[in-house]
Every structure is written in structure tokens, then in C-alpha cells.
Amino acid sequence: EDQVTQSPEALRLQEGESSSLNCSYTVSGLRGLFWYRQDPGKGPEFLFTLYSAGEEKEKERLKATLTKKESFLHITAPKPEDSATYLCAGKTGANNLFFGTGTRLTVIP
Amino acid sequence: DAGITQSPRHKVTETGTPVTLRCHQTENHRYMYWYRQDPGHGLRLIHYSYGVKDTDKGEVSDGYSVSRSKTEDFLLTLESATSSQTSVYFCAMAGGLGTANEQFFGPGTRLTVL
């Protein structure tokens, strides 16, 4: 059964305190691992796509990495505006995404 | 994403009534999707479309139907709404030039079934 599990469910960080979010997956024939950011009351916003183990992508304070079993979203020196829920999803055939339940990140000034 | 909108944004209805949610995109994307988002479940795929009049079921399709008569519009219908269909519904699109895999989401519709 295809499954994506994210941890922790919630994370509180002080401004400037770096950390990582985890996404472990069991998706048969994975065709991509996706990260999204979701702010309260809004739709998910696309961040990154990773396709193969060892691949890394960066955007401002965020860096996503991928292994054969999991992906990490590293947040370096976060700011309060990085507070959001971060969603991970695995892509199966037919361009369908299988989402995890997210990590709710709070960055305290 | 500015290129995809949903209407209505909020709706309250009663059990047993039909409800139609509309998704409209201006990006000429081939694929469109309907998801629901509930606490503890994350986003779950209801139905998707891979072209005009071409649709298929997702993970949680029971009680829902869809139609796509034009590239830009994807409708989700609850034939007889139930309280278990109270949720936030998101539409997404994919398949634009250079972005074949990424899905871009609309702002969501909050539906309450009393």
C-alpha cells in the first residue's frame, strides 16, 4: 500500500534555530517526491520536486534532499514567516500524488 | 496560484441536497484534480481528469461525480450531500509546458453539510 509519513506532526523553533522535517515513503514505482507549503486557509504552494536518491534542491532557507526511503526538508536559520504546514507527497503513475499529513512549523521571534 | 480559482469559497448546505463546486483555470493545463483535506488524513484524491471528457476515480470517489466539458473547467458534484462530506475541497492543475509533474492548487472551498 502506498504510504507517506511525515514527522514530527508539529515543530516549534526559535528564530534562527535550524532543523529538519522528515518524510518517509513506501510508494511503489515512485516517480517523484514533492514538497509543498500550506498557510492557514490557503491552498498548498509548490516548493520542490525530487526524482532520484541523492538529489538536492534549495530555495532561500529551505533545502530538500532525497534518499531511497525518505526525504528531508532542512530549514536553515528560520524566520517567523517560514511558519506554515509543510506537506510531502509521492507521485505514482497517472500523475497522481499521495500526500502525508504534514508538519506544522511554528517559528517564534 | 492566480491561474486557478474555485467557487464558491464557502458553502453551507443541508444533508440530502445536491452541491456543485467549480474549478476554473486559465493556464491551459491538461490535468485537473479534486482533493479533500480533513484533519488527520491529509489531502486525498477524489477524482481527476486527463483531458476534456476524460476522467477517472481517485482514492475517495464514493458519493462524488465530476465533469469536464472544457479544458478550463472541472466540476465536482455531490449528488446528495452527507455530513461526512463536510471538508475543505481543493482543485489542482498540472501538465503545463515545462511543468508536467508539478500540481498547482486553487484556494479551496470550505463545505459544511448540516
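Quick caveat, the model's predicted, so the values are computed rather than measured.

(A) Up close: the overall build of chain A. The helix and strand inventory of chain A stands at zero helices and eleven strands. Taken over C-alpha atoms, the radius of gyration comes to 13 Å for chain A, in line with the 13 Å a tight globule of 109 residues would show. Seen through its principal axes, chain A has C-alpha atoms that stretch 40 × 30 × 20 Å. Looking at chain A residue by residue over its 109 residues, the buried ones come to 47%.

(B) Quick look at the environment of A:Ser28. All names here are of chain A. Mapping Ser-28 onto the fold places it in the loop between β3 (19-26) and β4 (33-38). Judged by its relative accessible area of 55%, Ser-28 is exposed. In this structure the C-alpha to C-alpha distance between Ser-28 and Thr-92, which are 64 residues apart in sequence, comes to 7.2 Å.

(C) Representation of the interface of chain A and chain B in the model. Contacts between chain A and chain B engage 20 residues on the former and 22 residues on the latter. Around 1,500 Å² of area is buried between chain A and chain B when both sides are counted, 52% of it from carbon and sulfur atoms. The tally of links from chain A across to chain B stands at zero salt bridges. Between the two partners, chain A and chain B, sit three residue pairs in polar contact (both at pLDDT 80 or more).

(D) Structural context of the packing of aromatic side chains. In this structure the tally under the stated criterion is eleven aromatic pairs over all chains. When the centroid spacing of 5.8 Å and the interplanar angle of 50° are considered together, the rings of A:Tyr36 and A:Phe99 count as tilted. Of this pair, A:Tyr36 sits in strand β4 while A:Phe99 sits in strand β10 (residues 97-99); the two residues are 63 residues apart in sequence, bridging distant segments of the chain. Judged by relative accessible area, A:Tyr36 falls into the buried class, the value being 0%. Through successive ring pairs, a cluster of aromatic residues spans A:Tyr36, A:Phe46, A:Phe99, B:Tyr33, B:Tyr35, B:Tyr48, B:Tyr50, B:Phe104 and B:Phe105.

(E) Region of interest: the pattern of salt bridges. Residues and elements named next belong to chain A. For the structure shown, the criterion picks out eight salt bridges over all chains. Arg-61 is the partner of Asp-82 in a salt bridge, and the nearest nitrogen-oxygen pair spans 2.8 Å. Of this pair, Asp-82 sits in the loop between β8 (70-75) and β9 (84-91) while Arg-61 sits in the loop between β6 (56-59) and β7 (62-66), and the two are 21 residues apart along the sequence. Exposure remark for Asp-82: the relative accessible area of 6% places this residue in the buried category. Taking the relative accessible area as the measure of exposure, Arg-61 reaches 19% and is therefore buried.

(F) Seen up close, the nonpolar core. Of all hydrophobic cores here, the largest spans 22 residues; its most connected members are A:Trp35, A:Leu73 and A:Tyr86. Sorting the residues of this core by element identifies β2 (10-14), β3, β4, β5 (45-50), β7, β8, β9 and β11 (103-108) of chain A as the ones contributing at least two each. Those residues in contact with A:Leu73, other than ones at most four positions away along the chain, are A:Ser19, A:Ser20, A:Leu21, A:Trp35, A:Phe48, A:Leu62, A:Lys63, A:Ala64 and A:Tyr86. Grouped together as the second largest cluster of nonpolar side chains are 20 residues, B:Cys23, B:Phe74, B:Tyr89 and B:Val113 included.

About the thresholds
- Residues numbered from 1 in each chain as written.
- Chains lettered and ligands numbered in written order.
- Predicted model: local features only at pLDDT ≥ 70, side-chain atom pairs only at ≥ 80, totals over all residues.
- Heavy atoms only, no water.
- Helix = DSSP H or I, 4+ residues; strand = E, 2+ residues; numbered from the N terminus.
- Rg over C-alpha atoms; globule rule 2.2 N^0.38 Å.
- Buried < 20%, exposed > 50% of the residue type's maximum accessible area, 1.4 Å probe, protein only.
- Contact = heavy atoms within 4.5 Å.
- Buried area = accessible area lost by both parts, 1.4 Å probe.
- Salt bridge = Lys/Arg side-chain N within 4 Å of Asp/Glu carboxyl O.
- Polar contact = N/O pair within 3.5 Å; in protein donor to acceptor, adjacent residues only side chain to side chain.
- Phe/Tyr/Trp six-rings, centres within 6.5 Å; stacked < 30°, edge-to-face > 60°.
- Core = buried A, V, L, I, M, F, W, Y, C linked by side-chain atoms within 4.5 Å.

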